[in-house]
Amino acid sequence: MSSDELTLAADAARALREAQALCYRTNCAIVAPEHLLAACLLQLRAAGLEGLPEPAAVQQALVATQGLGEDPLDRDVIFGSAAREAISRAAAAARAAGSMTITCADLAIALVESGECSPMFFASLGVPRAALLELLRAPGA
């Protein structure tokens, strides 16, 4: 690894895996920004970030926006272009801040700021975008 390569923090790596697991559980073959944001919110809440929606609300918001597939997946889950773009945004923000590590909070902020998540996702969560950004930017997030 060269000295200018970014790395994923452990929480961000877990969020990427959880996003794929959410897809398998809902029979969706492509990780959408909502899957990735849901995974980030679940990871951050588990780590103790207060004020985030309950896991059941996150799951409900995900199903409301991405639905449930009828047939179990028989192939690998892939990251869609919008989710990949959000990861790239998080990487650019980390570099701009002088960091060489992308955290779960970095990913979540990039996803919320990207505009790629459905407004229905935030409505279903019961947390407006601006309020969620404030929580994610709080010290310790």
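Placed above this text is the structure.
The notes below deal with the structure included here. (Residues numbered from 1 in each chain as written. Predicted model: local features only at pLDDT ≥ 70, side-chain atom pairs only at ≥ 80, totals over all residues. Heavy atoms only, no water.)

Here's the deal with the overall build of the protein
Let me state the cut-off plainly: Comment: elements are numbered from the N terminus, with helices defined as DSSP H or I runs of at least four residues and strands as E runs of at least two. Using C-alpha atoms as the atom set, the radius of gyration is obtained and then compared with a globule rule of 2.2 Å times the number of residues to the power 0.38. When accessible area is computed with a 1.4 Å probe and restricted to protein chains, residues below 20% of their type maximum are described as buried, those above 50% as exposed, and intermediate ones as partly exposed. The contact definition used throughout considers only heavy atoms, calling two residues in contact when any of these lie within 4.5 Å. In short, Shrake-Rupley with a 1.4 Å probe defines the accessible areas, and a residue's cover is counted only from the protein chains shown. Here the positive residues are Lys and Arg and the negative ones are Asp and Glu; neither His nor the chain ends is included. Charge coordinates come from a single atom per side chain, which is NZ of Lys, CZ of Arg, CG of Asp or CD of Glu.
A tally of helices and strands in the protein yields seven helices and four strands. Ordered by position from the N terminus, the helices and strands of the protein form the series β-α-β-α-α-β-α-β-α-α-α. Relative to the globule expectation of 14 Å for 141 residues, the C-alpha radius of gyration of the protein, 14 Å, shows essentially globular dimensions. Along the longest, intermediate and shortest principal axes, the C-alpha atoms of the protein span 45 × 35 × 25 Å. Looking at the protein as a whole, 43% of its 141 residues are labelled buried. Excluding contacts between residues fewer than 6 apart, the proportion of contacts in the protein whose partners are at least 24 apart in sequence is 74%. When the accessible surface of the protein is totalled, it reaches about 7200 Å², and 52% of it is carbon and sulfur. Counting 10 positive and 16 negative side-chain charges, the protein places the centres of these two groups 2 Å from one another.

Digging into the packing of aromatic side chains
Put simply, the test is: To pair, rings of Phe, Tyr and Trp, with the six-membered ring standing in for Trp, must have centres within 6.5 Å; the planes then decide the type, stacked if under 30 degrees apart, edge-to-face if over 60, and tilted in the middle.
Enumeration according to the criterion identifies one aromatic pair in this entry. When the centroid spacing of 6.0 Å and the interplanar angle of 80° are considered together, the rings of F121 and F122 count as edge-to-face. Take F122: its relative accessible area is 5%, and that puts it in the buried class.

Thoughts on the nonpolar core
Spelled out, the test is: Here, nonpolar core refers to any group of buried Ala, Val, Leu, Ile, Met, Phe, Trp, Tyr and Cys residues whose side-chain atoms link them within 4.5 Å.
Judged by nonpolar contacts, the single largest core of 46 residues is most densely connected at L37, L41, L132 and L136. Elements supplying a minimum of two residues to this core: α1 (10-26), α2 (33-46), α3 (55-66), α4 (81-96), α5 (104-114), α6 (119-125) and α7 (129-137). With sequence-adjacent residues up to four places away left out, L37 is seen in contact with A108, L111, V112, C117, F121 and F122.

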